[in-house]
Amino acid sequence: QVQLVESGGGLVQAGDSLRLSCAASGRTFRSYGLGWFRRAPGKEREFVAAIDWPGTRTYYADSVKGRFTISRDNAKNTVYLQMNSLKFEDTAVYYCAAKEGSALSIYDRSYRNWGQGTQVTVSS
């Protein structure tokens, strides 16, 4: 079982950048696909970005493509989400997730392990 802890959220202005981190404990990320999802107020949880093991392939939601970058440091058991050019509509609770198997997935049902979430608020 992998325990995930996100950090790095906060309150920023539109156009600013943030980097979210998600550290794993309990076991390593080896052979796990990783993803970031978010839930905005009053909306369903949605896919943001995913990365495979060991980090050769990535995939992004259209809404964040070109602005967000997912990466992983396997030695540190940490996955990151670099968020640039933030918009008001990026305001949400962001969750990292881990799935067994090296392939990436855009579907939340593929992920068994979830962090507690970190709030990102973008003021317009």
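You'll find the structure just up there.
Residues numbered from 1 in each chain as written. Predicted model: local features only at pLDDT ≥ 70, side-chain atom pairs only at ≥ 80, totals over all residues. Heavy atoms only, no water.

Quick word on unusual backbone geometry
As a reminder of what qualifies: Helix numbers and strand numbers start at the N terminus; a helix is a DSSP run of H or I with at least 4 residues, a strand a run of E with at least 2. Exposed residues in this analysis have more than 50% of their type's maximum accessible area, buried residues have under 20%, and partly exposed residues fall in between, with area computed by a 1.4 Å probe over protein chains only.
With an omega of 5°, the peptide bond running from W53 to P54 counts as cis. Mapped onto the fold, P54 is located in the loop between β5 (45-51) and β6 (58-60). One non-glycine residue, S31, adopts positive backbone phi at about 70°. Checked against the element boundaries, S31 lands in the loop between β3 (18-25) and β4 (32-39). Located in the positive-phi region is S85, a residue other than glycine, with phi close to 50°. Tracing the backbone shows S85 in the loop between β8 (78-83) and β9 (92-100). Classification of S85 as partly exposed rests on a relative accessible area of 41%.

Regarding the pattern of salt bridges
Pairing of side chains with opposite charge becomes possible as their charged atoms draw close. Here is the rule: Any Lys or Arg side-chain nitrogen located within 4 Å of an Asp or Glu carboxyl oxygen qualifies as a salt bridge.
Applying the stated rule across the entire model yields 6 salt bridges. The partner of R45 in a salt bridge is D108, with the nearest N and O atoms 3.3 Å apart. Highlighted residues: R45 in strand β5 and D108 in the loop between β9 and β10 (113-114), separated in sequence by 63 residues. R45 sits in the partly exposed class, given a relative accessible area of 29%. R67 is the partner of D90 in a salt bridge, and the nearest nitrogen-oxygen pair spans 2.7 Å. Of this pair, D90 sits in the loop between β8 and β9 while R67 sits in the loop between β6 and β7 (68-73), and the two are 23 residues apart along the sequence.

Some remarks on the side chain of K99
For the record, the criterion: Counted as positive: Lys and Arg. Counted as negative: Asp and Glu. His and the chain ends are not counted at all. As used in this structure description, the phrase polar contact means that two N or O atoms lie within 3.5 Å; if the pair is within protein, one of them must be able to donate a hydrogen and the other to accept it, and residues adjacent in sequence are counted only when both atoms belong to side chains. Pairs of residues are marked as contacts when any of their non-hydrogen atoms sit within 4.5 Å.
Within the secondary structure, K99 is located in strand β9. Of the side chains bearing the opposite charge, E100 lies closest to the buried K99, which forms no salt bridge; the N-O distance is 8.8 Å. A distance of 3.3 Å separates the side chain of K99 from the backbone oxygen of G101, its partner in a polar contact. A distance of 2.8 Å separates the side chain of K99 from the backbone oxygen of A103, its partner in a polar contact. Residues in contact with K99, not counting those within four places in the same chain, are S31, Y32, G33, S105, S110 and Y111.

Topic: the pairing of β3
Rule in force here: Only strands joined by at least two bridges in the DSSP assignment are considered to pair.
Of the pairings in the sheet, the one linking strand β1 (residues 3-7) to β3 comprises 5 bridges and is antiparallel in character. Of the residues in β3, the one forming a bridge with E6 is C22. Where β3 meets β8, 6 bridges bridge the pair, whose relative direction is antiparallel. Among the inter-strand pairings, L20 is bridged to a residue of β8, identified as L81.

Some details on the sheet that holds β3
Convention followed: Note on geometry: axes are lines fitted to C-alpha atoms, helical ones only across the stretch in contact, with angles between N-to-C directions running from 0 to 180 degrees.
Judged by pairing direction, the sheet is antiparallel, and its 4 strands sit side by side in the order β1-β3-β8-β7 without closing on themselves. Because the sheet does not close on itself, it has two edges, and the strands there are β1 and β7. Strand-to-strand, the axes of this sheet are offset by a mean angle of 15°, without reference to chain direction.

Quick look at the side chain of R38
Examined against the element boundaries, R38 turns out to sit in strand β4. Of note is the side chain of R38, whose polar atom sits 2.6 Å from the side chain of E46. Of note is the side chain of R38, whose polar atom sits 3.0 Å from the side chain of D90. Each residue touching R38, except ones within four places of it in the same chain, is listed here: E44, R45, E46, V48, S63, V64, F68, E89, D90, A92, V93 and Y94.

Purely geometric stuff here, so don't read any function into it on its own.
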